[in-house]
Amino acid sequence: MNPNIIVMKKWKIPFFSERKTTRENYKMSFTKTYILTISMIWFLWIYYVWTLNVNATKWYQIRNLEIERRNLAFEENLLNMKIAEVQSLSNISEDKTINAMETIDNPNYLVLKDVNLAYIANK
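Below is a short write-up of the structure.

Analysis parameters
Residues numbered from 1 in each chain as written. Predicted model: local features only at pLDDT ≥ 70, side-chain atom pairs only at ≥ 80, totals over all residues. Heavy atoms only, no water. Helix = DSSP H or I, 4+ residues; strand = E, 2+ residues; numbered from the N terminus. Buried < 20%, exposed > 50% of the residue type's maximum accessible area, 1.4 Å probe, protein only. Areas by Shrake-Rupley, 256 points an atom, 1.4 Å probe, with all protein chains shown as cover. Patch = residues over 30% accessible without salt bridge, like charges linked within 9 Å, V, L, I, M, F, W, Y side chains within 5 Å. Salt bridge = Lys/Arg side-chain N within 4 Å of Asp/Glu carboxyl O.

**Section: the overall build of the protein chain**
The number of helices and strands found in the protein chain is five helices and two strands. In the protein chain, the succession of α and β elements from N to C terminus is α-α-α-α-α-β-β. For the protein chain, the residues scored as buried account for 0% of the 123 residues in total. Accessible surface, the protein chain: about 12700 Å² in total, of which carbon and sulfur atoms supply 63%.

Okay, structure coming up:
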């Protein structure tokens, strides 16, 4: 009998590569691979749905704020229209308190720097 064969039987065979032994120890069956793949797909799907939900919630809040901004701008325009109506010359000239005032017969004006007007009483 060959003495090398006897030695190989007694001890670890020296010419086996470490990569081969690692590969033989690390075997995944088809079922384990399938389950791992399905679980990864499920995890990614849950993450995708969660991300969509977060974004939809943000866009819903932004949409509500935009609607509120539009309503406030409309109310501001209504208030500006009311202010303009109150300050209009026709409204001031038709006011009862102004119509009840006495009219001035002969007014004299003093012009200062062509800007300010002042009333001078008749003596």
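**Things to note about a nonpolar patch on the surface**
A contiguous nonpolar patch, built from Trp-42, Phe-43, Leu-44, Trp-45, Ile-46, Tyr-48, Val-49 and Leu-52 and spanning about 880 Å² of accessible area, is present on the exposed surface. You can see Trp-45 is positioned in helix H3 (residues 30-87). Among the residues examined, Trp-45 registers a relative accessible area of 51% and is labelled exposed.

**Some remarks on the pattern of salt bridges**
According to the stated counting rule, one finds one salt bridge in the structure shown. Here Glu-66 makes a salt bridge to Arg-69, at a shortest N to O gap of 2.6 Å. Taken as a pair, Glu-66 and Arg-69 lie in helix H3 at a separation of three residues, close to a single helical turn.

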